[in-house]
Amino acid sequence: MSKPFYITTTLPYVNSIPHIGFATEIIRADSIARWKRASGFEVFSNTGTDEHGLKIFQKAKEAGIEPQVYVDQVASKFKELLPILGISPEVNFIRTTDKHHTKAAQTFWQLVDKNGFIYKKNYSVKYCIGCELEKTESELVEGKCPLHPLQSLEIINEENYFFRFSAFQEQLLDLYDKSSSSSVNNSTESSRQPFVIPESRQREIRAFVERGLDDFSISRLKSKMPWGIPVPEDEEQVMYVWFDALVNYVSAVGWPDDVVADKAMPGSFKKWCVETGGMVQYCGKDNLRQQSAMWQAMLLAAGLPTSKTVIVDGFVTADGGVKMSKSLGNTVDPVALVKEFGTDAMRYYCLHELHPFEDSPCTVERFKDAYNANLANGLGNLVSRVMKMAETSGITIADKLKTYEDSLKSGKFIVSAILSTEYMAGLEEYNLKKSMDAIWSIIAVSDKLIQVKQPFKLVKSEDDKDKADGKSCIETLLNNIHTIGVALQPFMPTTAQMILECIYNNKMPATPLFLRK
RNA sequence: CGCGGGGUAGAGCAGCGGUAGCUCGUCAGGCUCAUAACCUGAAGAUCGCCGGUUCGAUUCCGGCCCCCGCAACCA
């Protein structure tokens, strides 16, 4: 019986069109999902859109349309992005305006309330008339709004619901301290992993929780901001967007229907959130608190199992680590990159050129350099030169690949021993760059081998021994690119397929895999 | 003393107690199977600054300077 595995991205907030950070996150999550699927796991992978809250309400107002119309438009942009990035079609796409999610969020609220972790409190906010916005202390400069320093701030008192976040300090610390174990494929060897990856982020959140937690507001007055899920049994309040959005990770797998009434998706919550050992979440570093502390506390408050792992990405920046922003005009549009370089090139860049956990830059220039060096000159060129030799000399390994293919079908994702250790370790640690590095090291070794042994000469030799050497060298090279093709499957599925087909048909690619730009 | 990350060749990064490594770029040579691709070699770094520990520090400790995030509505 196949084991279940659940991985999710953070739902991007639809106040703007998809950016490269989200593309990176979902490409990584998809690569993990594909690898798990190839390894015989039954995989639920989740993404979607976070659609409530003040910013969206305002955006819709600006555009002069209903919020629902606005979010429908933007959500479809996100949905359209998935095939462009080569995300497997099995991915679940949840919208926080979906009916069943709305209902789940309300049930979640009631459950947390019933367990005594929600209370009502007077909440005073500073409001800048100039901006028409509430201001937090951190936004103020010397107690005044930096944009409107001459106007004084209005203090508004309103009643909000609060979540008893402070009650979960100890449980959160326990969660961080207990390490989850992950087994390497079917072997018994297991490695210890922090709850938050990388460990530096775990230290960061741990330190934050250790300092003490403040309860936070989880509702807004409907009269001021109606675009949210209604708080159960209170006409005047809607949920704060985070409280609602985070619930998607459980509503996506059918909670609470399968638990409460056992009808819509019977047992699915148990399967994906319990039997898996918990969900694996990807998020950006700005989401560290929400995902690894607030959400975990909410789950605990509702009596539900916590996540298994939270993987924290860095940001994609412009040159020199400068933040990308529309006003600086230094953003990079993932759709435009795919259009120019192709889906797998985009996946390649996100997986191999960007740092797996820290900030790293992406510009069109860098993208092009990496593309030419590693895809056109590296991978693509190697496949061409090896296949050309194999084709013209009639040397093939296709007939020897049958057993291997059979084992793939039985859900064993096996890569050749020359690559196994590093490659597998990278996947286990969610350090996909490490796995990609391992693949690219085979490319380098193979190019060198061709240079040193010159099999293209040997196979034409009159000498039988030279001829045999040449043949065996070409077979080695074919095995190498076969290994590369297999190993690339989770990362660059289309390219992987093309490489394998070349080998099976013993034909060099009709057109280069990656044309030089 | 709010929290965290970082400062290593032109660029992007790795190393973390004992001849300073990788990728891209630059220059020179080689090869011709390949997408003017590939291979080899060279140039290029007082490892942010100052002290300390040590036989020995880029690596450990202390101080300082500079960048960059976060600070409870941005992946």
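Each residue is numbered by its place in its chain's sequence as written, counting from 1. Working convention: letters from A go to chains and numbers from 1 go to ligands, in the order in which they are written. Side-chain atom pairs in this predicted model are given and counted only at pLDDT of 80 or more, local residue features only at pLDDT of at least 70, and totals for whole chains, interfaces and linings cover all residues. Excluding hydrogens and water, the side-chain values take into account all heavy atoms of the structure.

A.B. asks: Quick question: what am I supposed to make of the overall build of chain A here?
C.D. replies: Check the secondary structure of chain A and you find 20 helices and 16 strands. The buried label goes to any residue with under 20% of its type's maximum accessible area, the exposed label to any with over 50%, and the partly exposed label to all in between, with areas taken from a 1.4 Å probe on protein chains only. In chain A, which comprises 517 residues, the share counted as buried stands at 53%. In this analysis, two residues are considered to be in contact whenever any of their non-hydrogen atoms come within 4.5 Å of each other. Counting contacts in chain A only where the partners sit at least 6 residues apart, residues at least 24 apart contribute 75% of the total. Secondary structure follows DSSP: runs of H or I at least 4 residues long count as helices, runs of E at least 2 residues long count as strands, and numbering of each begins at the N terminus.

A.B. asks: Would you take a moment to explain the protein's contact with RNA strand B for this structure?
C.D. replies: The criterion for a residue being near a molecule or strand is simple. One of its heavy atoms has to lie within 4 Å of it. Not every one of the 51 residues close to RNA strand B is listed here, only the nearest: Tyr-240, Gly-284, Gly-380, Asn-381 and Arg-385. Counting only the atoms of RNA strand B within 4 Å of the protein, the fraction contributed by sugar and phosphate is 70%. We define a polar contact as two N or O atoms separated by no more than 3.5 Å, with the added condition that, inside protein, one atom must be a possible hydrogen donor and the other a possible acceptor, whereas residues neighbouring each other in sequence contribute only through side-chain atom pairs. In the model, a base nitrogen of RNA strand B is placed 3.2 Å from a nitrogen or oxygen of the His-19 side chain. One nitrogen or oxygen atom from the main chain of Phe-514 is found 2.7 Å from a base nitrogen belonging to RNA strand B. Within the residue set of the surface near RNA strand B, elements represented by two or more residues are helix H1 (20–38), helix H6 (199–210), strand E13 (280–284), helix H11 (288–302), helix H14 (364–393), helix H17 (432–453) and helix H18 (455–458).

A.B. asks: Honestly, the pairing of strand E14 (residues 309–313) in this entry has me stumped. Any pointers?
C.D. replies: The buried count for E14 comes to five of five residues, which makes it a mostly enclosed element. Burial along E14 is two-sided: Thr-309, Ile-311 and Asp-313 facing one way and Val-310 and Val-312 facing the other are all buried. By the bridge criterion, two bridges tie strand E9 (residues 196–197) to E14 in an arrangement that is parallel. Opposite Ile-197, over in E14, you have Ile-311 as the bridge partner. Direction of pairing for E13 relative to E14: parallel, over a ladder of five bridges. Residue pairing in the sheet places Cys-283 in a bridge with Val-312 of E14. DSSP calls a pair of strands paired once it identifies at least 2 bridges connecting them.

A.B. asks: Help me out: how do you make sense of the sheet that holds strand E3 (residues 92–95) in this one?
C.D. replies: In a beta sheet, neighbouring strands pair by backbone hydrogen bonds and run either parallel or antiparallel. Across the sheet, which stays open at both edges, the six strands sit in the order E3-E2-E1-E13-E14-E9 with parallel pairing between neighbours. For this open sheet the edge positions go to E3 and E9, each flanked by a neighbour on one side alone.

A.B. asks: Any chance you could explain the packing of aromatic side chains here in plain terms?
C.D. replies: Each aromatic ring pair is summarised here by two numbers: the centre-to-centre distance and the angle between the ring planes. Any two rings among Phe, Tyr and Trp, with Trp reduced to its six-membered ring, count as a pair given centres within 6.5 Å; such a pair is stacked if its planes are under 30 degrees apart, edge-to-face if over 60, and tilted if neither. All told, the structure shown has 23 aromatic pairs when counted by the stated rule. Here the aromatic rings of Phe-341 and Tyr-371 are separated by 5.1 Å at their centres, their planes lie at 55 degrees, and the arrangement is tilted. Of the two residues, Phe-341 sits in helix H12 (residues 334–341) while Tyr-371 sits in helix H14, which places them 30 residues apart along the sequence. Tyr-371 shares its class with Phe-341; the two are buried. Aromatic ring contacts, followed pair by pair, group Phe-108, Trp-109, Tyr-161, Phe-243, Tyr-249, Trp-255 and Trp-295 into a single cluster. Geometrically, a charge over a ring is one whose NZ (Lys) or CZ (Arg) sits within 6 Å of the ring centre while staying within 35 degrees of the ring normal. Here Arg-289 stacks its cationic end above the ring of Phe-208, 4.0 Å away from the centre of that ring. Above the face of the Phe-341 ring, Lys-517 is positioned so that its terminal group lies 5.8 Å from the ring centre.

A.B. asks: Before we go on, may I ask you to explain the nonpolar core in this structure?
C.D. replies: As a rule of thumb, nonpolar side chains are buried together in soluble globular proteins. Among buried residues, the Ala, Val, Leu, Ile, Met, Phe, Trp, Tyr and Cys ones that are joined through side-chain atoms within 4.5 Å form a nonpolar core. With 100 residues, the main nonpolar core has Met-346, Leu-379, Tyr-423, Ile-439, Trp-440, Leu-488 and Met-492 as its most contacted residues. Among the elements that take part in this core, H14 stands out by supplying 12 residues, more than any other. When near neighbours in sequence (up to four residues on either side) are disregarded, Met-492 contacts Asp-344, Arg-347, Tyr-348, Leu-375, Leu-379, Met-436, Trp-440 and Phe-514. In terms of nonpolar packing, the next biggest core, distinct from the first, is built from 56 residues, Val-250, Ala-252, Cys-283 and Ala-301 among them.

A.B. asks: Explain helix H4 (residues 99–114) to me, please; I cannot follow it from the model alone.
C.D. replies: Since there are 3.6 residues in each turn of an α-helix, residues three or four apart along the chain are aligned in direction. Across its 16 residues, H4 extends 23 Å between first and last C-alpha, which sits within 8% of the 22 Å expected from 1.5 Å per residue. What H4 keeps buried is the set His-101, Thr-102, Ala-104, Ala-105, Phe-108, Trp-109 and Val-112. With its buried residues spanning 165 degrees around the axis, H4 presents them on a single face. Exposed and oriented more than 90 degrees from the buried face of H4 are Lys-99 and Lys-114. One or two residues past the end of H4 sits Gly-116, with phi positive at roughly 85 degrees. Multiply 1.5 Å by the residue count of a helix minus one, and that product is the helix's expected span. Working note: the arc is built from the helix axis to C-beta atom directions.

A.B. asks: Explain the packing of H14 against helix H19 (residues 464–488) here, please?
C.D. replies: A pair of packed helices is characterised by two quantities: the angle between their axes and the separation of those axes. Close contact between H14 and H19 brings their axes to 10 Å; oriented N to C, the two are set at 135 degrees. When the interaxial angle is binned, H14 and H19 end up oblique. Handedness of the crossing formed by H14 with H19: left-handed. Judged by residue contacts, Leu-379, Leu-382, Val-386, Met-387, Met-389, Ala-390 and Ser-393 of H14 engage Ile-474, Leu-477, Leu-478, Ile-481, Ile-484 and Leu-488 from H19. To get an axis, a line is fitted to the C-alpha atoms, and for a helix only the part in contact is used. The angle between two axes follows their N-to-C directions and goes from 0 to 180 degrees. The labels follow the angle: roughly parallel below 35 degrees, roughly antiparallel above 145, roughly perpendicular from 65 to 115, and oblique for the rest. Helix crossings fall into two classes, left-handed where the near helix is turned counterclockwise from the far one by less than a right angle and right-handed where it is turned clockwise.

A.B. asks: Is there a simple way to think about the side chain of Thr-10 in this case?
C.D. replies: Looking at where Thr-10 falls in the secondary structure, it is placed in the loop between strand E1 (4–8) and H1. Polar contacts involving the side chain of Thr-10 include one to the main-chain carbonyl oxygen of Tyr-282, which spans 2.9 Å. Residue contacts for Thr-10: discarding those within four places in its chain leaves Phe-22, Glu-25, Tyr-249, Tyr-282, Cys-283, Asn-287 and Gln-291.

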